[in-house]
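# Secondary and tertiary structure notes
In case you want the letters, here they are:
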Amino acid sequence: FPVAIFSGQIAAALAMGNGVLAKPAEQTPAVAWRCVQLLHEAGVPRSALQLLPGDGAVVGAALTASDTLDGVCFTGSTTTAQVIHRAMAEHMDPRAPLIAETGGLNAMIVDSTALPEQAIRDIVASSFQSAGQRCSALRCLYVQEDVAETVLEMLYGAMDELHVGNPWELRTDVGPVIDADAQGDITAYIDAAEADGRVLKRMTPKGEGRFIGPTVIRVDGIAQMEREIFGPVLHVATFGADEIDAVIDAINATGYGLTFGLHTRIDDRVQHIVDRVEAGNLYVNRNQIGAIVGSQPFGGHGLSGTGPKAGGPLYLTRFATGIDVAAPSGELSLPGPTGESNRLSFHVRSNVLCLGPDTDAQVAAVEAQGATAMRADVAEGVMRLGRDAGIDAVVSDGGDEDARRIRRAIAARAGAIIPLLASDDVVIGLTLERHVCIDTTAAGGNASLLADTDE
């Protein structure tokens, strides 16, 4: 993943004709150096791609405080993305794009009709592969109370078969966490939960190293999770058969929207939940990690990122200006492995603040996309951005001074990072993407899932 994320962002920027200053995470400078070396050997000019390793608080801060950069592409925490956005608002062109993918509190629902063997396979993979160090990893598992005892018993048995150790060994299932700081933070979190009597299963790794044993912690629900724990830690809650909508509401209320998993054999339930869950990538009857290139464009919204999706049809447009792109609409069926359905659909941001100067034209353009438009002048708009959490985007065609004031007000907001758009960017800028992947073979070998009944 340090190679995939790093090289993917570089490739997109270079493909659209940009020069790139590549700043890797401070924990992974060696693979970044080798990636850049290989790209130079392949013919990418050194003047177009330069490596700047170092600590984020030093090198990253200096880069984002520069007025010579035209945009930033970032993968990491929501908090860091907000810090970057505030620095950009002060120093860069006020319309400079920030493309941020920022992780989340990803959930999975397992109902009483799910095939437990398949569910356990996917829970273990989603929670503990890569030692839980994937932004897409499962963090909170909701199991229907009717089958919770059976599912958890099987989960604990599967965990007992996992080998925690050196990744060079073929038998290893769970490797180390990234550094000593991560190990200390995760261990302290698990210890605190154990002191509260909430640890249901904790594996103890053997030998020395930065290892964390896969752990299961009981929670009342996702609202009890105050932050993402970036390691092999799974939180489990139960729900009643009549509480599934309340579970969805709780998941949406976190503000995160990256990945979501569902195990069920009821076709109507799939559609109902997919329609209601606010996540960028939804996976039905399979694991929720490891998006397949070309089949599953990846990325979330809300606290989980700005969009557009990496690998999606809109991604490259954010690395350039003046590109005429047709308005996306409806749903695309994407190629994928046999026995798997992959659908990418396009949706519209809800509430858009139009700040002129031609407010009438902006409102017309926004409403033509199906969004709700709100009018204000720049002064009123800046005030509304400070107090109204229900704004999903801002449209302004004013000069740089007005744009700077608006961008600062946007960056000062808590929560999701929203875009500042010019009228020419409304069509693409208001678009949200959602991908749904369904394992169509998961209904006990049947080609279609079970019909929902009241019986």
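Please refer to the structure placed before this passage.
Here's what I pulled together on the structure shown here. Here the structure is a predicted model, which is why all the values come from computation and not from measurement.

## Concerning the pairing of strand 6 (residues 140–144)
- For strand 6, a buried count of five out of five residues is recorded, marking the element as mostly surrounded by other parts of the structure.
- Residues Cys140, Tyr142 and Gln144 of strand 6 are buried on one face, and the alternating residues Leu141 and Val143, pointing to the opposite face, are buried as well.
- The pairing of strand 5 (residues 107–110) with strand 6 spans four bridges and is parallel. Looking at strand 6, one finds that Met108 is bridged to Leu141.
- Each parallel crossover has a hand, and for strand 5 linked through helix 5 (residues 116–128) to strand 6 it is right-handed.

## Remarks on the nonpolar core
- In this structure, Ile123, Leu141, Leu155 and Leu234 are the most contacted members of the largest nonpolar core, which totals 36 residues.
- Those elements giving two or more residues to this core turn out to be strand 5, helix 5, strand 6, helix 6 (148–160), helix 7 (180–195), strand 8 (215–218) and strand 9 (233–239).
- Broken down by element, this core gets its largest block of residues, six residues, from helix 6.
- Setting aside residues no more than four positions away along its own chain, Leu141 makes contact with Met108, Val110, Ile123, Leu234, His235, Val236 and Ala237.
- Membership of the second largest hydrophobic core comes to 25 residues, among which are Leu105, Ile244, Phe260 and Ala279.

## Observations regarding the environment of Gly209
- Among the secondary structure elements, Gly209 is positioned in the loop between strand 7 (199–202) and strand 8.
- The exposure class of Gly209 is partly exposed, given its relative accessible area of 43%.
- As a C-alpha pair, Gly209 and Leu155 span 54 residues in sequence and 25 Å in three-dimensional space.

## A closer look at the sheet that holds strand 17 (residues 420–421)
- What the four strands build is an open sheet, ordered 15-14-16-17; its pairing is parallel. The two strands at the open ends of the sheet, each matched to only one other strand, are strand 15 (372–375) and strand 17.
- Judged from the four bridges that link them, strand 14 (residues 351–354) and strand 15 form a sheet pairing that is parallel. Bridge assignment links Cys354 to a residue of strand 15, and that residue is Arg375.

## Considering a negative patch on the surface
- Taken together, the side chains of Glu145, Asp146, Asp242 and Glu243 present a region of like negative charge at the surface.
- The topology assignment puts Asp146 in the loop between strand 6 and helix 6.

## Thoughts on the side chain of His301
- In this fold, His301 is placed in the loop between strand 11 (281–284) and strand 12 (331–334).
- With relative accessibility at 16%, the residue His301 sits in the buried group.
- Excluding residues within four positions of it along the chain, His301 makes contact with Gly255, Tyr256, Gly257, Glu278, Ala279, Gly280, Leu432 and Glu433.

## Some words on helix 10 (residues 359–368)
- Looking at helix 10, one finds that the buried residues are Thr359, Gln362, Val363 and Val366. Taken end-on, helix 10 shows its buried residues confined to a sector of 100 degrees, consistent with a single buried face. Pointing more than 90 degrees away from the buried face of helix 10 are the exposed residues Asp360 and Ala368.
- Where helix 10 is buried, its residues touch strand 14, strand 15, strand 16 (393–395) and helix 13 (426–429).
- Positive backbone phi, approximately 95 degrees, marks Gly370, located one or two places after helix 10.

## Let's talk about the sheet that holds strand 13 (residues 340–348)
- Read from one edge of the open sheet, ten strands run 7-8-9-6-5-10-11-18-13-12, paired in mixed fashion. Each of the sheet's edge strands pairs with one partner strand only, and the pair in question is strand 7 and strand 12. Across the sheet, the mean angle separating the axes of adjacent strands is 20 degrees when strand polarity is ignored.
- Sheet topology note: the strand 5/strand 10 (residues 259–263) ladder contains four bridges and is parallel. Across the sheet, Ile109 pairs through a bridge with Leu262, a residue of strand 10.

## Section: the packing of aromatic side chains
- The tally for this structure, following the rule as stated, stands at one aromatic pair.
- A ring pair is formed by Tyr315 and Phe319, whose centres lie 5.2 Å apart and whose planes are at 70 degrees; its orientation type is edge-to-face. Taken as a pair, Tyr315 and Phe319 share a single burial class, namely buried.

## Here we look at unusual backbone geometry
- Residue Pro308 is reached from Gly307 by a cis peptide bond, and omega for that bond is -5 degrees.
- Positionally, Pro308 belongs in the loop between strand 11 and strand 12.
- The backbone phi angle of Ser130 is positive, close to 55 degrees, even though this residue is not glycine.
- Mapped onto the elements of the fold, Ser130 is located in the loop between helix 5 and strand 6.
- Ser130 sits in the partly exposed class, given a relative accessible area of 32%.
- With a phi angle near 55 degrees, Ala131 is a residue other than glycine that sits in the positive phi range.
- The topology assignment puts Ala131 in the loop between helix 5 and strand 6.

## With respect to empty space enclosed by the protein
- According to the stated counting rule, one finds three cavities of 30 Å³ or more in the structure shown.
- For the largest cavity, the calculated volume is near 80 Å³.
- Looking at the largest cavity, it is lined by 14 residues, and the ones nearest its centre are Leu105, Ile251, Tyr256, Gly257 and Thr259.
- At the level of elements, helix 8 (244–253) and strand 10 are the ones that each hand at least two residues to the lining of the largest cavity.
- Considered class by class, the residues forming the lining of the largest cavity number eight nonpolar, five polar and one charged.
- One number sums up the size of the second largest cavity: a volume of about 50 Å³.
- Along the walls of the second largest cavity sit Thr78, Ala81, Gln82, Ala100, Thr102, Gly302, Leu303, Gly305, Thr306, Gly415, Ala416 and Ile417, which together make up its complete lining.

What counts and what doesn't
- Residues numbered from 1 in each chain as written.
- Predicted model: local features only at pLDDT ≥ 70, side-chain atom pairs only at ≥ 80, totals over all residues.
- Heavy atoms only, no water.
- Buried < 20%, exposed > 50% of the residue type's maximum accessible area, 1.4 Å probe, protein only.
- Helix = DSSP H or I, 4+ residues; strand = E, 2+ residues; numbered from the N terminus.
- Pairing = 2+ DSSP bridges.
- Right-handed = clockwise from strand over helix to strand, strands pointing away.
- Core = buried A, V, L, I, M, F, W, Y, C linked by side-chain atoms within 4.5 Å.
- Contact = heavy atoms within 4.5 Å.
- Patch = residues over 30% accessible without salt bridge, like charges linked within 9 Å, V, L, I, M, F, W, Y side chains within 5 Å.
- Areas by Shrake-Rupley, 256 points an atom, 1.4 Å probe, with all protein chains shown as cover.
- Salt bridge = Lys/Arg side-chain N within 4 Å of Asp/Glu carboxyl O.
- Lys, Arg positive; Asp, Glu negative; His and termini not counted.
- Charge placed at Lys NZ, Arg CZ, Asp CG, Glu CD.
- Arc of directions from axis to C-beta.
- Axes fitted to C-alpha atoms, helices over the stretch in contact; angles between N-to-C directions.
- Phe/Tyr/Trp six-rings, centres within 6.5 Å; stacked < 30°, edge-to-face > 60°.
- 1 Å grid on protein atoms, 1.4 Å probe; cavity = no way out; pocket = protein on both sides within 12 Å on 5 of 7 lines; lining within 4 Å.
- Points joined across faces, edges and corners; volume = space filled by probe spheres on them.
- Nonpolar A, V, L, I, M, F, W, Y, C, P; charged D, E, K, R; others polar.

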